[in-house]
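Spelled out, the chains give:
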Amino acid sequence: MCGLYGVLSYGNKVKDMAEITEALAVESAVRGTDATGIAYNKNGKMTVFKKSKSAYEMSFSVPKNTVAVMGHTRHATQGTLNFNGNNHPFKGMCGNEEFALAHNGVLWNDKELRVTENLPQTSVETDSYVAVQLLEKNKTLDFNSLQAMAEKVEGSFVFTVLDRDD
């Protein structure tokens, strides 16, 4: 299964967020080496950087004074790793609010949910992306929409979500 990691710096006390992010990614690579990605929010703009590369081969650039970074190392179970759209984190939109989501685990009912929830077809082939689509369908990102999404998916899972409020 995949690896999830993150850093939250209260009061901008972390001097080199890129260095810490890279160290966490490398330590998480034991959980997956098929792809690596990070997401961070800077001045209200969500940035997602991901590649079909092991964390051992990646180099991260995180702007100074970034408060929060979330990351993912992928062990591909569904969807080709060579299509970067299948790699995590995924970007989503709830109303006007951008967010990023990463998942560790396996969702068993993703195909069923695409039909029963009338979710749009996408080029993303992973089970994980259904979580993004369920949040987007709710049009709001809060604890209630996260709970509603988590109650609809079946399987084993941990989700990390980053929004403009870090």
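Before reading on, note that the structure itself is shown above.
A quick note: this is a predicted structure, and the numbers were derived from the prediction, not measured.

Conventions used here
Residues numbered from 1 in each chain as written. Predicted model: local features only at pLDDT ≥ 70, side-chain atom pairs only at ≥ 80, totals over all residues. Heavy atoms only, no water. Helix = DSSP H or I, 4+ residues; strand = E, 2+ residues; numbered from the N terminus. Rg over C-alpha atoms; globule rule 2.2 N^0.38 Å. Buried < 20%, exposed > 50% of the residue type's maximum accessible area, 1.4 Å probe, protein only. Pairing = 2+ DSSP bridges. Expected span 1.5 Å × (residues − 1). Arc of directions from axis to C-beta. Contact = heavy atoms within 4.5 Å. Polar contact = N/O pair within 3.5 Å; in protein donor to acceptor, adjacent residues only side chain to side chain. Core = buried A, V, L, I, M, F, W, Y, C linked by side-chain atoms within 4.5 Å.

## Side note on the overall build of the protein chain
Logical step 1: Regarding its fold elements, the protein chain presents 4 helices and 7 strands.
Logical step 2: Written out in order from the N terminus, the α and β elements of the protein chain read β-α-β-β-β-β-β-α-α-α-β.
Logical step 3: In terms of overall dimensions, the protein chain is globule-like: its C-alpha atoms have a radius of gyration of 15 Å, near the 15 Å expected for 166 residues.
Logical step 4: C-alpha atoms of the protein chain, sized along the principal axes, occupy 45 × 30 × 25 Å.

## Focus: the pairing of strand β5 (residues 90-94)
Logical step 1: Along β5, the buried face is formed by Phe90, Gly92 and Cys94; none of Lys91 and Met93, which line the opposite face, is buried.
Logical step 2: With 5 bridges joining them, β5 and strand β6 (residues 97-107) adopt antiparallel strand pairing. Directly across from Phe90, in β6, lies its bridge partner Leu101.
Logical step 3: Linking two consecutive strands that pair antiparallel, namely β5 and β6, is a turn of 2 residues; a positive phi of about 65 degrees is found at Gly95 within it.

## Observations regarding helix α1 (residues 17-28)
Logical step 1: With 12 residues, α1 ought to run about 16 Å at 1.5 Å a step, and its terminal C-alpha atoms sit 16 Å apart, in line with that.
Logical step 2: All buried positions along α1 are accounted for by Met17, Ala18, Thr21, Ala25 and Ser28. Buried residues of α1 fall within an arc of 95 degrees about the axis and therefore sit on the same side. Exposed residues lying more than 90 degrees from the buried face of α1 are Glu19 and Glu27.
Logical step 3: Where α1 is buried, its residues contact β1 (3-8), β2 (35-42) and β4 (68-74).
Logical step 4: Two or three places before Ala18, at the start of α1, stands the capping residue Asp16, its side-chain oxygen 3.3 Å from that residue's backbone nitrogen.

## Observations concerning the nonpolar core
Logical step 1: Ranked by size, the top nonpolar core spans 18 residues in total, and within it Leu101 and Val153 carry the most contacts.
Logical step 2: Within the residue set of this core, elements represented by two or more residues are β5, β6 and α3 (129-138).
Logical step 3: Broken down by element, the residue count for this core peaks at 6 residues, all from α3.
Logical step 4: Discounting chain neighbours no more than four positions away, the residues touching Leu101 are Met70, Pro89, Phe90, Ser128, Ala131, Val132, Leu135, Phe159, Thr160 and Val161.

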